[in-house]
Amino acid sequence: MPGGCRPGSAQAGPCLSALWVNVPVPLSRSGRPTGWKPEDPGWQEALEQWPRLFGQRREVPECLGAASPQRLSRSAPTMEVERAMCGIAGWIDWDADLTQQRPALAAMRDRLACRGPDAAGEWITPHAALVHRRLSVIDPEGGRQPMIRTRRALPLAVRPPAGAASGRSDIQFQDEAAFVLTYNGELYNTAELRTELESRGHTFTTRCDTEVLLRGYIEWGPACVDRFNGIFAFGVWDAGAQTLFLARDRLGVKPLFYACPSRGLVFASELKSLLCHPNIPPALDTDGLGEIFALGPARTPGVGVFRGVRELRPGCTLTFDAHRGVRIRSYWKLHSAPHGDHTDTTAATVRDLLRDAVVRQLVSDVPIASLLSGGLDSSAVTAIAARHLALAGRGPLRTYSLEFAGSERDFAPTAYYADPDAPWAARMVEACATDHRVITLDTPEQAEALTRAVIARDLPGLADVDSSLYLFCREIRRETTVGLSGEAADEVFGGYPWCHWEEAISADTFPWARATALRAAVLSPEIRARVRPEEYIADRYRQALAEVPRLAGESPREARMREILYLNITRFLPTLLDRKDRMSMAVGLEVRVPFCDHRLVEYVWNIPWALKACDGQAKGILRRALRGVLPDDVLGRRKVPYPRTFNPSYLAAVRGWLRGILTDPSSPLRDLVDRRYLSGHLEQDGPPNLQWFGQTMSGAQFYAYLCQVDTWMRVYRVQVV
């Protein structure tokens, strides 16, 4: 690729794949390079390489098709701490020369462009390469990645040696071996960590939490994760020890996948990046089929669906070197212990922990927004945030709620959906004096976005629950970069109906997916015999129960509820966190989840079930904790799931789509399912009574899931092996 670019240089535009660190590429908001003119060096080469670097796309990017000098303008930072949400990837290989793998590395990096539309960076040596895409909340020079530091607290300046060829990749280390970091996430205790590290002799050249995390690793090694409060997935290459260290946050808010082709290891934030590696094909074996059809859209923790692909489990670290290979350590798990606090103390502690989590997550140099449904959880986060911002003179808080066209006409109460959200969101807007926006979605864009949601998630997902969130986040992103969400409260406090319905509690399976016979009936006889979905589900269920940390002396009822809550946190919540991360990051929106603060989760875990559900209400202890924080009527509102459309035109759209798939000889789904069984349902009047998953995936959503499976197999060219 063309040379002549220096880090920080205004003429750095043409360097799409330079071999030294942190060469800035001016990018448009879509993540494409901009401001590159045909007369610039390397223009023609980039035009030729575009399909390999960015995929087989018909359109030519604006930077290669026009001589526009416009560049992305950025404002100067004003906050003390920089935070950025990003996409990360890396490749360690003891047999290959990675300096010859620039196209694959560039493709891995730029498949993550939506996660990081603001900047790109890479660090490549013969046997280790790290790449990065960046979404900046604020954008100081010092926050660029991959970031390099040495033990002596001196930033390592990486430049091509004078007179060297532009393709040269050797790194000139200063005094001591370097540590190289690629990082996605946020540390919410940055200030405390920085103070402690400074007391230990570290000096800082930036204000970013990226440098704090890297210096934390240099100081404490793998044990650094025990000190972090935040959401993160990161990789550190220790050049001296020739060791890679990967880590993921405790609840798994930030994703991280890996695979081990040959004697190497490849990792990435998302599967689409990992699949750019030449030796990681999109192959689906028997276990992969089981994940899609027996468990989907949930997944077994640690499973990456594609053959040979793994997910680093939440609360785990991975160390990799040439001698001992892959070693995984769990640094955080739920631990059961007696709860000694009485009711009032418990409620006060919950309130204090939640307030501290929300306030810590309000740090930003851009306006903070809240995703407000009018339910208990989003209302709690909104009320705490609005009050804090008002007292700090930073208000009003901006809030967003979601509606569907025709909802007043089409809404019909169900066992799950007792009432619509709109009046309750309006009630909270009034109570908290927020700056509110209502985003309304209609059927055509909902159906179209099902495909976009698959690509964002890299897998079939929660159907229109995914696609509506994607569209919701896209509209929010037009005005802000950071949002707060009430995700995880139902899992942690036991708010779902299956925590209170006796038939679900006593079911000997995952309570949100009890229709195991339906999952078997959907499959063709050949695939059913191969996957044996009912056995697959039972095996994964027993595996989950074997992990539950038991508490001696608990009553059978308390022990069973501990099992249900463990399933909620470790099996159901990851599906929703994955959805939230992918749909928001696909449009460059950062969404924070205060209920995932591990201190709150640890405390609530050991509150006895009878106390969690005190006052005869689901999440009773949370409601009591929020007395005086929320209006009384909001405190008493019954749990309602994430909104979905009730418009009959949506059912008609996905029914027609699935009918077309079943009659299309080129469909990859067609031979995997029982076409006669599904066709029978498609010919029925009204929505089918098919409860596929959770509270929201039935009827039209069941059809939409199968359409997503077909789309996924086509787009990703999935091969069943």
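Before going into details, it helps to say that this report is about the structure given with it. (Residues numbered from 1 in each chain as written. Predicted model: local features only at pLDDT ≥ 70, side-chain atom pairs only at ≥ 80, totals over all residues. Heavy atoms only, no water.)

On to empty space enclosed by the protein. Any empty space left between atoms is shown by rolling a water-sized probe over those atoms. All chains considered together, the criterion is met by nine cavities of 30 Å³ or more. Of the pockets and cavities examined, the largest cavity occupies roughly 690 Å³. Looking at the largest cavity, it is lined by 40 residues, and the ones nearest its centre are Glu487, Lys639, Val640, Pro641 and Tyr642. Every element with two or more residues in the lining of the largest cavity is listed here: helix 9 (376-391), strand 15 (398-404), helix 13 (464-477), helix 14 (489-493) and helix 19 (556-585). With four residues, helix 19 is the largest single contributor of residues to the lining of the largest cavity. (1 Å grid on protein atoms, 1.4 Å probe; cavity = no way out; pocket = protein on both sides within 12 Å on 5 of 7 lines; lining within 4 Å. Points joined across faces, edges and corners; volume = space filled by probe spheres on them. Helix = DSSP H or I, 4+ residues; strand = E, 2+ residues; numbered from the N terminus.)

Our focus in this paragraph is the environment of alanine 129. Take alanine 129: it is sitting in strand 3 (residues 128-136). In this structure, the C-alpha to C-alpha distance between alanine 129 and tryptophan 237, residues 108 residues apart in sequence, is 8.8 Å.

In this model, helix 13 (14 residues) spans 19 Å end to end at C-alpha, consistent with the 20 Å of a helix rising 1.5 Å per residue. Counting buried positions over the 14 residues of helix 13 gives twelve, a clear majority of the element. Looking at helix 13, one finds that the buried residues are Asp464, Val465, Asp466, Ser467, Ser468, Leu469, Tyr470, Leu471, Phe472, Cys473, Ile476 and Arg477. (Expected span 1.5 Å × (residues − 1). Buried < 20%, exposed > 50% of the residue type's maximum accessible area, 1.4 Å probe, protein only.)

Considering all chains together, one arrives at 64 salt bridges under this definition. Ionic pairing is found between aspartate 356 and arginine 360, a salt bridge with its closest N-O pair at 2.9 Å. Within this pair, aspartate 356 and its partner arginine 360 are both found in helix 8 (residues 343-360), separated by four residues, close to a single helical turn. Here glutamate 475 makes a salt bridge to arginine 474, at a shortest N to O gap of 3.4 Å. The class for glutamate 475 is partly exposed, based on a relative accessible area of 23%. (Salt bridge = Lys/Arg side-chain N within 4 Å of Asp/Glu carboxyl O.)

Looking now at the layout of surface pockets. When its volume is computed, the second largest pocket comes out at roughly 530 Å³. Pro301, Arg313, Pro314, Thr570 and Arg571 are the residues nearest the centre of the second largest pocket, which is lined by 27 residues in total. Sorting elements by how many residues they give to the lining of the second largest pocket places helix 19 first, with seven residues. Residues belonging to the lining of the second largest pocket are distributed by class as follows: twelve nonpolar, five polar and ten charged. (Nonpolar A, V, L, I, M, F, W, Y, C, P; charged D, E, K, R; others polar.)

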